[in-house]
Amino acid sequence: MEGRMTPQVADLKLGDAMSWLLSCVQVCAARAGREWEPPLLAAIFGHAFESSYALGGGELWSGCACEWCWFGPGLARLGLRPESVDYAGKNPTMHPSPSPEKRKEALDRAWDLVQRSVERGVPAVVWSPMSRQQRDSGMQAFCWGLVEGVDTTTREYLAYHATAGRFRTPFDGLGNIDGAEWVHAFTFDGPDPAYSEAKAVTATVSDALLYLRGERPGADMPAPPETIRHGPGAFYEWASDVDRGKRDVGKPRWWARGRDAAARFCAWARASVPALEAPFEEAERTFRAQADALRSLADGGLSADAIRRVATLQDEAITALSRVPVG
């Protein structure tokens, strides 16, 4: 059969969310039938509650663990039917390692998934949608991007990435640019008729408490893991570093944007679950105060006492959200 170009998904534009993943999910979800505000996505996927600091101000990639390790539950809370292909060519937990045939099978399944999706007008979200050759030539299509079309004649994806722009990439070139050789693509097959907004709220709160308490890392690299602190303890360590004369400013602008998103989530949750208005109202007020305190730090008001105030406000937010039944 003669090859043909599948029509591209029309008029795609990435918005200003907290990460490339969230920007891609916002576009994909809207085309699949549900509009989501970026602040709500930031809460649902955990970015709004991320609190990690590396001792001495070591480099951290904010929110990386939220969207490389823990993004699956977020997809299930959007009121859409997710579909995905997931394959790690060098997964240390798999013995023996996957065969070349398994890789080919995963690439073929990803192609079928993406083609079906763009044919119904929904782009697919793909991990690092470029080949090793493109990476080595200087392309910067790392992390998450969209595929908005396919060329069935050349077996190429028509990709769209926040940094790299629009380009073509060979379908069998995926999963060769990182150590895990990760092939991952997902999309949505329309609204989920069984969706419960109340369940999405309580599930998000359950995860939020893990991040806020420091029981789940929001950022876990590239600083050595033993140097990273999470939850309120992250802010106390930052304050101690400032006491010792270190002037590293941490990530206050990122955290402030996250807590603004957390407050927006609480306002949405109050409307979604009126019976839980009181704890969400308290948490919303606390997150807004925390965001303001973080912005003050970002604007040059760096002091250990101000940072400890941020930690205290986090403890107060935890207390408020702990009153939401999540079982």
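Just so you know, these numbers come straight off a predicted model, no measurement behind them. (Residues numbered from 1 in each chain as written. Predicted model: local features only at pLDDT ≥ 70, side-chain atom pairs only at ≥ 80, totals over all residues. Heavy atoms only, no water.)

Within the open sheet, the six strands sit side by side as β2-β7-β3-β4-β5-β6. Their pairing is antiparallel. Edge positions in the sheet fall to β2 (80–88) and β6 (165–170), since each has one partner strand and no second. When the angles between neighbouring strand axes are averaged without regard to direction, this sheet yields 30°. Alignment of strand β3 (residues 124–127) against strand β7 (residues 182–191), held across two bridges, turns out to be antiparallel. Within the sheet, the bridge partner assigned to valine 126 lies in β7 and is alanine 185. Its contacts with the sheet place helix α5 (residues 100–119) against β2, β3, β4 (144–151), β5 (156–161) and β7, and it is angled at close to 155° to β2. (Pairing = 2+ DSSP bridges. Helix = DSSP H or I, 4+ residues; strand = E, 2+ residues; numbered from the N terminus. Axes fitted to C-alpha atoms, helices over the stretch in contact; angles between N-to-C directions. Contact = heavy atoms within 4.5 Å.)

Summed over all chains, the structure comprises 20 aromatic pairs. Summarising the aromatic geometry, the rings of tryptophan 127 and tryptophan 182 are spaced 4.9 Å apart at their centres and angled 45° between planes, so their arrangement reads as tilted. Of this pair, tryptophan 127 sits in strand β3 while tryptophan 182 sits in strand β7, and the two are 55 residues apart along the sequence. Taken individually, tryptophan 127 and tryptophan 182 each receive the classification buried, so the pair is uniform in this respect. With centroids separated by 6.3 Å and ring planes inclined at 85°, the aromatic side chains of phenylalanine 265 and phenylalanine 280 adopt a geometry described as edge-to-face. Of this pair, phenylalanine 265 sits in helix α9 (residues 252–272) while phenylalanine 280 is found in helix α10 (residues 277–298), placing the two residues 15 residues apart along the sequence. The structure contains a cluster of three or more aromatic residues connected by ring pairs, namely Trp61, Trp68, Phe71, Trp127, Trp144, Trp182, Phe186 and Phe188. (Phe/Tyr/Trp six-rings, centres within 6.5 Å; stacked < 30°, edge-to-face > 60°. Buried < 20%, exposed > 50% of the residue type's maximum accessible area, 1.4 Å probe, protein only.)

Before going further, it helps to spend a moment on the pairing of β6. The pairing of β5 with β6 spans six bridges and is antiparallel. Counted as the bridge partner of histidine 161 is glycine 165 from β6. Between β5 and β6, which follow one another and run antiparallel, lie three residues.

Moving on, we get to the pattern of salt bridges. Counted according to the given criterion, the structure contains 28 salt bridges. Note that glutamate 284 and arginine 270 form a salt bridge whose closest N and O atoms lie 2.9 Å from each other. In this pair, glutamate 284 is assigned in helix α10 and arginine 270 in helix α9, connecting sequence segments 14 residues apart. Glutamate 284 gets classed as buried once you look at its relative accessible area, which sits at 11%. Of the residues examined, arginine 270 reaches a relative accessible area of 24% and is grouped as partly exposed. Look at the salt bridges and you will find they share partners, linking Arg81, Glu83, Arg116, Arg120 and Asp189 into a network. (Salt bridge = Lys/Arg side-chain N within 4 Å of Asp/Glu carboxyl O.)

Moving on, we come to unusual backbone geometry. Here the bond from methionine 221 into proline 222 is cis, since omega is 5°, no more than 30 degrees from zero. Position of proline 222 among the secondary structure elements: in the loop between α7 (197–213) and β8 (228–230). The backbone phi angle of cysteine 143 is positive, close to 60°, even though this residue is not glycine. On the secondary structure map, cysteine 143 appears in the loop between α6 (132–136) and β4. Residue classification places cysteine 143 among the buried residues on the basis of a relative accessible area of 19%. At glutamate 181, a position not held by glycine, the phi torsion is positive, near 50°. We classify glutamate 181 as buried; its relative accessible area is 17%.

Put simply, α9 and α10 touch, their axes get as near as 8 Å, and they point 160° apart. One finds that α9 runs roughly antiparallel with respect to α10. As for the relative orientation of α9 and α10, their crossing is left-handed in sense. (Parallel < 35°, antiparallel > 145°, perpendicular 65-115°, else oblique. Left-handed = near helix turned anticlockwise from the far one by under 90°.)

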